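Survey of secondary and tertiary structure
Here are the chains, one letter per residue:
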Amino acid sequence: MPQASIPRGLEAIRRVGCAACHVIPGVPWPQGRNGPSLEGFAGQALIVGKLPNQPDLLASFVRDAPAISPGTTMPAMPLTPYEAQDVAAYLYAQTQQ
């Protein structure tokens, strides 16, 4: 995702409130515990325990999780396709620091 922006990804994560359900590196509050921690996400083999951890799938999942993985508890998020790519870029970048 060469056009994706890590800073815009963090901004989108904060705007839509991802940390209400997840622990996310770089987001000190609220550190929700309903969803899995996203620390070290890039090192995980799977998204939602069943999808290959690939940038295009992650961007689609963070935007509309129920469409990608029916039955998931994660709701569709108010993200544009570009914002979803930015969020994915942010999550992948956290293990590279």
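1. Overview of helix α4 (residues 81-93)
Along an α-helix, residues three or four positions apart point the same way, because every turn accommodates 3.6 residues. The terminal C-alpha atoms of α4 lie 18 Å apart, and with 13 residues this matches the ideal 18 Å at 1.5 Å per residue to within 8%. Of all the 13 residues making up α4, 10 are buried; the element is thus mostly covered by neighbouring parts of the structure. Among all positions of α4, only Ala84, Gln85, Asp86, Val87, Ala88, Ala89, Tyr90, Leu91, Tyr92 and Ala93 are buried. For α4, the elements touching its buried residues are α1 (6-16) and α2 (55-63).

2. Brief notes about the state of the cysteines
Here the structure, examined in full by the defined rule, presents 0 disulfides. Free cysteine Cys18: the closest other cysteine sulfur is in Cys21, separated by 8.6 Å.

3. Describing the nonpolar core
With 26 residues, the main nonpolar core has Ile13, Ile24, Leu58 and Leu91 as its most contacted residues. Secondary-structure elements contributing two or more residues to this core are α1, α2 and α4. A per-element tally of this core places α4 first, with 6 residues. Other than its neighbours up to four places away in sequence, Leu58 contacts Phe41, Ile47, Ala88, Leu91 and Tyr92.

4. Observations regarding unusual backbone geometry
For the bond running from Trp29 to Pro30, omega is 15°, close enough to zero to count as cis. Examined against the element boundaries, Pro30 turns out to sit in the loop between α1 and β1 (46-47). Positive phi is not limited to glycine here, since Val48 has a value of about 55°. When you line up the elements, Val48 lands in the loop between β1 and β2 (51-52). You can call Val48 partly exposed: its relative accessible area is 38%.

5. Some words on the pattern of salt bridges
Applying the stated criterion across every chain yields a total of 2 salt bridges. Asp86 is paired through a salt bridge with Arg8; the nearest N and O atoms lie 3.0 Å apart. Note that Asp86 is positioned in helix α4 and Arg8 in helix α1, a separation of 78 residues in sequence. Put simply, Glu83 and Arg15 hold a salt bridge, and the shortest N to O gap is 2.9 Å. Highlighted residues: Glu83 in helix α4 and Arg15 in helix α1, separated in sequence by 68 residues. Relative accessible area serves as the criterion here: at 22%, Glu83 is assigned to the partly exposed category.

Rules used in this analysis
- Residues numbered from 1 in each chain as written.
- Predicted model: local features only at pLDDT ≥ 70, side-chain atom pairs only at ≥ 80, totals over all residues.
- Heavy atoms only, no water.
- Helix = DSSP H or I, 4+ residues; strand = E, 2+ residues; numbered from the N terminus.
- Expected span 1.5 Å × (residues − 1).
- Buried < 20%, exposed > 50% of the residue type's maximum accessible area, 1.4 Å probe, protein only.
- Contact = heavy atoms within 4.5 Å.
- Disulfide = S-S within 2.5 Å.
- Core = buried A, V, L, I, M, F, W, Y, C linked by side-chain atoms within 4.5 Å.
- Salt bridge = Lys/Arg side-chain N within 4 Å of Asp/Glu carboxyl O.

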